[in-house]
Amino acid sequence: MTGGGPPANLRLPVRPSLIQDEPREWLAERKGSLVEGLDHLADAARHGRIPGGAIENGELRIVRPATAMPDNVDELVLDLYRRLPEVRITDILLEVDAATGFTDAFTHLRTGAPCQDRIGLLNVLLAEGLNLGLSKMAEASNTHDFFQLSRISRWHIESEAINQALAMVIEAHAELPMARF
């Protein structure tokens, strides 16, 4: 087995550049491409020419090719991070909420009123979503302590509200122009 890319006599299937408007046509095309690719792989396996791999003891072994990384890649990554604006995740979630209204799903269990403390609510949702826990989130937050987050969690967070908020975000995604593709 030699490295350095596929052998010259191995044709790889050409991928379509755009998804077609008709899902059935697209699926048929993808199925045909998959069958063709599997035929090429079977032929390469029969002749011991699997690009970047081999079959050993009945198992397919793929060798990860070494990637050429520039010497200054760490500097480039740090430069990229320096160029990004500093933003808090709760600020991003507030923008999502402004577009979708998903926090309205989290009403007070007794009164039914929406949660007035949006940042606290978002902190609780982040703690739940990241499996961080309220005490760790309180340590990471400069706006809320554990007892404030606990109160919001106890009175506003329930699985039905989470499901409703998720549905609101999904509906907003479905209305975006990109969703038709």
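Computed from a prediction, not measured in an experiment: that's the story for all the values here.

The secondary structure content of the chain amounts to seven helices and two strands. Secondary structure elements of the chain occur, N-terminal to C-terminal, as α-β-β-α-α-α-α-α-α. Per-residue burial over the chain gives 21% buried out of 181 residues. Sequence-distant contacts, at least 24 apart, represent 53% of the contacts inside the chain between residues at least 6 apart. Carbon together with sulfur atoms contributes 56% to the accessible area of the chain, which is approximately 14000 Å² in total.

Soluble, globular proteins show a tendency: their nonpolar side chains are buried together. Within the largest apolar cluster, 19 residues are counted, with the highest numbers of intra-cluster contacts made by Phe102, Phe106, Leu121, Val124, Leu125, Leu149 and Ile157. Elements with a contribution of two residues or more to this core: helix 4 (118–129), helix 5 (134–140), helix 6 (146–156) and helix 7 (159–174). Ranked by residue count, the leading element in this core is helix 4, at six residues.

Looking now at the packing of helix 4 against helix 6. It is the contact of helix 4 with helix 6, at a shortest axis distance of 9 Å, that shows an interaxial angle of 80°. Compared by their axis directions, helix 4 and helix 6 come out roughly perpendicular. Side by side, helix 4 and helix 6 meet where Gly120, Leu121, Asn123, Val124 and Glu128 of the first sit next to Leu149, Ile152 and Ser153 of the second.

It is worth spelling out the side chain of histidine 108 at this point. Mapped onto the secondary structure, histidine 108 falls in the loop between helix 3 (89–100) and helix 4. A relative accessible area of 16% means that histidine 108 is categorised as buried. A polar atom in the side chain of histidine 108 sits 3.0 Å from the backbone nitrogen of arginine 110. Excluding its chain neighbours within four sequence positions, the residues that come into contact with histidine 108 are Ala113, Trp155 and His156.

Turning our attention to helix 1 (residues 23–46). With 24 residues, helix 1 extends 34 Å from end C-alpha to end C-alpha; this agrees with the ideal 34 Å at 1.5 Å per step. Among the residues of helix 1, Ser33, His40 and Ala44 are the ones counted as buried. Backbone geometry just after helix 1 places glycine 48 at a positive phi near 65°.

With four bridges joining them, strand 1 (residues 53–56) and strand 2 (residues 59–62) adopt antiparallel strand pairing. When the bridges of strand 2 are listed, glycine 53 appears paired with isoleucine 62. Adjacent in sequence and paired antiparallel, strand 1 and strand 2 are bridged by two residues, among which asparagine 57 carries a positive phi angle near 55°.

Between its terminal C-alpha atoms helix 7 stretches 22 Å, which fits the 22 Å expected from 16 residues at 1.5 Å a residue. Taken together, the buried positions of helix 7 are occupied by Ala161, Ala165 and Val169. Mapping the buried residues of helix 7 onto a view down its axis gives an arc of 75°, with all of them on the same face. Across helix 7 from its buried face, at more than 90 degrees, point the exposed residues Ser159, Glu160, Asn163, Glu171 and Ala174. Turning to helix 7, the residues buried within the fold contact helix 3 and helix 6.

Averaged over all residues, the pLDDT of the chain equals 86, while 88% of them reach at least 70. When mean pLDDT is compared element by element in the chain, helix 6 scores highest at 97, while strand 1 scores lowest at 82. Note that pLDDT drops below 50 for residues 1–8; the model gives that stretch eight contacts with residues more than four away or on any other chain.

The subject of this paragraph is the side chain of threonine 100. Position of threonine 100 among the secondary structure elements: in helix 3. A polar contact of 2.8 Å, which involves the side chain of threonine 100, links it to the backbone oxygen of valine 96. When sequence neighbours within four positions are dropped, the list of residues in contact with threonine 100 reads Met168, Val169 and Ala172.

Criteria and cut-off values
Residues numbered from 1 in each chain as written. Predicted model: local features only at pLDDT ≥ 70, side-chain atom pairs only at ≥ 80, totals over all residues. Heavy atoms only, no water. Helix = DSSP H or I, 4+ residues; strand = E, 2+ residues; numbered from the N terminus. Buried < 20%, exposed > 50% of the residue type's maximum accessible area, 1.4 Å probe, protein only. Contact = heavy atoms within 4.5 Å. Areas by Shrake-Rupley, 256 points an atom, 1.4 Å probe, with all protein chains shown as cover. Core = buried A, V, L, I, M, F, W, Y, C linked by side-chain atoms within 4.5 Å. Axes fitted to C-alpha atoms, helices over the stretch in contact; angles between N-to-C directions. Parallel < 35°, antiparallel > 145°, perpendicular 65-115°, else oblique. Polar contact = N/O pair within 3.5 Å; in protein donor to acceptor, adjacent residues only side chain to side chain. Expected span 1.5 Å × (residues − 1). Pairing = 2+ DSSP bridges. Arc of directions from axis to C-beta. pLDDT = per-residue confidence, 0-100.

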